[in-house]
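Coordinates in review
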Amino acid sequence: MAKDFGEVLTAMVTPLDAGNAVDYSQARRLASYLIENGSDGLVVLGTTGETPTLTKTEKIRLLEEIVDEVGGRASIVAGTGSYSTEESIELTVKAEDIGVDGVMLVVPYYNKPPQDGLYNHFKLIAEKTSLPVMLYNVPGRTSRNIEPGTVKKLAQVDNIVAIKEASGNLEQVSTLARILPDDFYIYSGDDTLTLPVLSVGGHGVVSVASHLVGNKIKEMIRDFKDGRINKAIQLNKELGPIFSAMFLTTNPIPVKAALNMAGHRVGSLRPPLMELSHSQQEQLRQILEEYKLI
């Protein structure tokens, strides 16, 4: 089962209202805006969506709202993985019932399973759904790297078709591209590494910066794939300060601040996350003004 979710997938923030409740109406508006501005699809309930602080009820309703708003117009990938295999299966099955196009399963965090445990975890979940599955490797958050050999074994499971690689290790990405089937899609999990990942065999990006510059990111990827390499390199250079600004501090703090500055009213953050410092806000505002994003 080969499933191309698209080249630019936005890891969508979860808008909150003044009382820190999920703002579902604003989530719908933001979802439509993103797919009209460069995004081929959305990753809902990912890291950028503050998923660890959402209740099960909120997660389910958010998926329902987004599917109702943009289903059929974009790929919707639901982040249904967690440190618990059983809970991951439960949310994956529910997401399939809701009508998403695929699921993203993060490497289990905190409990640090060995590689055989990771293989078993992902395989058990994949066997409970007919949806295509994207693995999500982000060792900086999970404290566990999924090794290329484990990914190669998992690629033999029919509906495990992609990986979001956020290890920051280009050698590892290059190894994956060499040992995985040609129809297994590798997505950069870091905006700053999208172009390098493409150069070693990657397919696209699960992006944070695409909230602001989705069309430009899409253009850069198309330029690279269509052989306009120098133009893609120049676009990557131009976008570099925006990419870096989205990680002035812990994601999604900067991107939510940027969206609010740009008038999208996505609200605050749930504890334990907190707002940017005053100096960081000024630094971010200056960059956004320079790029005429506000």
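Residues numbered from 1 in each chain as written. Predicted model: local features only at pLDDT ≥ 70, side-chain atom pairs only at ≥ 80, totals over all residues. Heavy atoms only, no water.

Taken as a whole, this structure holds 19 salt bridges when the rule is applied. As a salt-bridge pair, Glu 219 and Lys 216 come within 4.0 Å of each other at their nearest N and O atoms. Residue Glu 219 and its partner Lys 216 are located together in helix α9 (residues 210–225), separated by three residues, close to a single helical turn. Its relative accessible area of 26% is what places Glu 219 among the partly exposed residues. We classify Lys 216 as partly exposed; its relative accessible area is 39%. For Asp 226, the salt bridge is made with Arg 222, and the minimal N-O distance between the two is 3.0 Å. Look at Asp 226 and you get partly exposed, because its relative accessible area is 44%. Connected through shared salt-bridge partners, Glu 7, Asp 40, Lys 216, Lys 218, Glu 219, Arg 222, Asp 223, Lys 225, Asp 226, Arg 228 and Lys 231 make up one network. (Salt bridge = Lys/Arg side-chain N within 4 Å of Asp/Glu carboxyl O. Helix = DSSP H or I, 4+ residues; strand = E, 2+ residues; numbered from the N terminus. Buried < 20%, exposed > 50% of the residue type's maximum accessible area, 1.4 Å probe, protein only.)

As a further point, take the packing of helix α10 (residues 229–245) against helix α12 (residues 278–290). The N-to-C vectors of α10 and α12 enclose an angle of 150°; their axes lie 10 Å apart at closest approach. In terms of orientation, α10 and α12 fall into the roughly antiparallel class. Read as a crossing pair, α10 and α12 show a hand that is left-handed. Between α10 and α12, the contacting residues are Pro 241, Ile 242 and Ala 245 on the first element and Leu 284, Ile 287 and Leu 288 on the second. (Axes fitted to C-alpha atoms, helices over the stretch in contact; angles between N-to-C directions. Parallel < 35°, antiparallel > 145°, perpendicular 65-115°, else oblique. Left-handed = near helix turned anticlockwise from the far one by under 90°. Contact = heavy atoms within 4.5 Å.)

So, on to the sheet that holds strand β3 (residues 75–79). Taken together, the eight strands give a closed barrel; going around it, the order is β1-β2-β3-β4-β5-β6-β7-β8, and neighbouring strands pair in parallel fashion. The sheet shows a mean angle of 25° between the axes of neighbouring strands, taken without regard to direction. Of the strand pairs in this sheet, strand β6 (residues 160–165) and strand β7 (residues 185–188) are connected by four bridges, and their pairing is parallel. Counterpart to Ala 162 in the pairing with β7 is Tyr 185. Against the sheet, helix α2 (residues 56–70) makes contact with β2 (41–44) and β3, and its axis sits at roughly 170° relative to β2, the strand it touches most. (Pairing = 2+ DSSP bridges.)

Turning our eyes to something else, we now look at the pairing of β6. For β6, the tally of buried residues reaches six of six residues, placing the bulk of the element in the interior. The pairing of strand β5 (residues 133–137) with β6 spans five bridges and is classified as parallel. The residue bridging Val 133 from the neighbouring strand is Ile 160, located in β6. You can see the chain leave β6, run along helix α7 (residues 170–179) and come back into β7, and the turn it takes is right-handed. (Right-handed = clockwise from strand over helix to strand, strands pointing away.)

Quick look at the UniProt feature "active site" (unreviewed entry) in the chain now. UniProt feature "active site" (unreviewed entry): in the numbering of this structure it lies at Tyr 136 and Lys 164. Considering the C-alpha atoms alone, the annotated residues occupy 29 residues of sequence yet fold into one spot, their largest mutual distance being 4.7 Å. In this structure, Tyr 136 sits in strand β5. Its relative accessible area of 6% is what places Tyr 136 among the buried residues. Beyond its immediate stretch of four places on either side in the chain, Tyr 136 contacts Thr 47, Met 104, Leu 105, Val 106, Val 107, Lys 164 and Ala 166. (UniProt positions renumbered as here; feature names shortened; annotations may be inferred.)

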